[in-house]
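As a plain string of letters, each chain reads:
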Amino acid sequence: LCPQVPELGKATVRIRQPERVREIIQALREQGVAKLQVISDFDMTLSRFGCNGRRCPTSHNILDTSRVISEDGKKKLKDLLHYYYPIEIDPNRTLEEKRPLMVEWWTKAHELLVQQKIHKSDISQIVRESEAMLRDGFKEFFDQLHKNNIPLFIFSAGVGDILEEIIRQANVFYPNVNVVSNYMAFSDEGVLTHFKGPLIHTYNKNNSVLQGTGYFQQLSTRTSIILLGDSMGDLTMADGVPSVENILKIGFLNDKVEERRKKYLDSYDIVLESDETLDVVNGVLRYLLAE
């Protein structure tokens, strides 16, 4: 496909329009590093979906299953997951149908978490005790972007405080990393009181929740984008960028691969099926950054 990026030959890679992908990668390289930025989802995109045959936790799961949540709280949060997750990934439901239900899920989950009187001081320990894992190759990914001053914008429907802690404990929370997510608000005593707005769920990752951040305006010259996601909702993450010249969309298809393949291939330029690494992303970056 693209001899300069041998990783695209991996068995996990699927591409519907190889010629187009080659053209986008070429254009990104010609535009140069100064124009590049990376926009990425976090849970199941930068973090792993599974390891050793088990599901890895998302930033919400880490909190939901931690020792600071009562047994009753854990059960209620699990019930919500079992009810709403199948709706979230159902390929036969429209986004219009899904959106209000996602707001409902996140709102109920956040209310349950607030009832648990979580302490800010517990967060680093909660993350340390969790089974959270970043994808293989994460260090090279974060290091390359940092070294070349390429902004990394993480747009997450997860819990910002938790995912920041995961990145911090992995020693890759560099100054070029900017996160927009659901952040907790704590009282003077350090107890969780509510989640700060606006609420970000799987299907509203776009301009509507970015208003007032002005992040992309400051980066108006960064018109080349690599977008990384694992859901249909992640495809709108670059909508806030004033003028996109070239965008390469890489999608991680982690779950229900057979039934969702067509949709992913129609929407993402490169689809990675059950691939727990950042090999392909790193391979593309290596080629773009090579002298």
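The rules behind these values
Residues numbered from 1 in each chain as written. Predicted model: local features only at pLDDT ≥ 70, side-chain atom pairs only at ≥ 80, totals over all residues. Heavy atoms only, no water. UniProt positions renumbered as here; feature names shortened; annotations may be inferred. Helix = DSSP H or I, 4+ residues; strand = E, 2+ residues; numbered from the N terminus. Rg over C-alpha atoms; globule rule 2.2 N^0.38 Å. Contact = heavy atoms within 4.5 Å. Core = buried A, V, L, I, M, F, W, Y, C linked by side-chain atoms within 4.5 Å. Buried < 20%, exposed > 50% of the residue type's maximum accessible area, 1.4 Å probe, protein only. Domains from an automatic or database assignment. Expected span 1.5 Å × (residues − 1). Bend = angle between axes of the 7 residues up to and from the residue.

Per an unreviewed UniProt entry, the protein carries the name 5'-nucleotidase and comes from Setophaga kirtlandii. Check the Function (unreviewed entry) section of the UniProt entry for the protein; it says "Specifically hydrolyzes 7-methylguanosine monophosphate (m(7)GMP) to 7-methylguanosine and inorganic phosphate. The specific activity for m(7)GMP may protect cells against undesired salvage of m(7)GMP and its incorporation into nucleic acids. Also has weak activity for CMP. UMP and purine nucleotides are poor substrates."

With that settled, consider the overall build of the protein. A count of helices and strands for the protein gives 11 helices and 11 strands. Scaling as 2.2 N^0.38, a compact globule of 291 residues should have a C-alpha radius of gyration of about 19 Å, and the protein matches this with 19 Å. Its C-alpha atoms give the protein principal-axis dimensions of roughly 55 × 40 × 35 Å. Summarising the internal contacts of the protein: among those between residues at least 6 apart in sequence, 71% fall at separations of at least 24.

Another aspect to go through is the nonpolar core. Soluble globular proteins: nonpolar side chains tend toward being buried together. In terms of nonpolar packing, the biggest core is built from 96 residues, with Phe141, Phe142, Ile154, Ile226, Leu248 and Ile270 touching the most fellow members. A domain-level breakdown of this core finds at least three residues from each of domain 1 (6-51 + 133-289) and domain 2 (54-129). Once residues lying within four places of it in the same chain are set aside, the contact partners of Phe142 are Leu46, Leu152, Ile167, Val172, Tyr174 and Val177.

Our focus in this paragraph is helix H3 (residues 71-89). Spanning 19 residues, H3 covers 27 Å between terminal C-alpha atoms, matching the ideal 27 Å at 1.5 Å per step. Most pronounced at Tyr83, the bend in H3 amounts to some 30°, and the proline Pro86 follows within four residues. Listing the buried residues of H3 in full gives Gly73, Leu77, Leu80, Tyr84, Tyr85, Ile87, Glu88 and Ile89. The inward-facing, buried residues of H3 contact strand E4 (54-55), helix H2 (59-64), helix H4 (95-115) and helix H10 (257-267).

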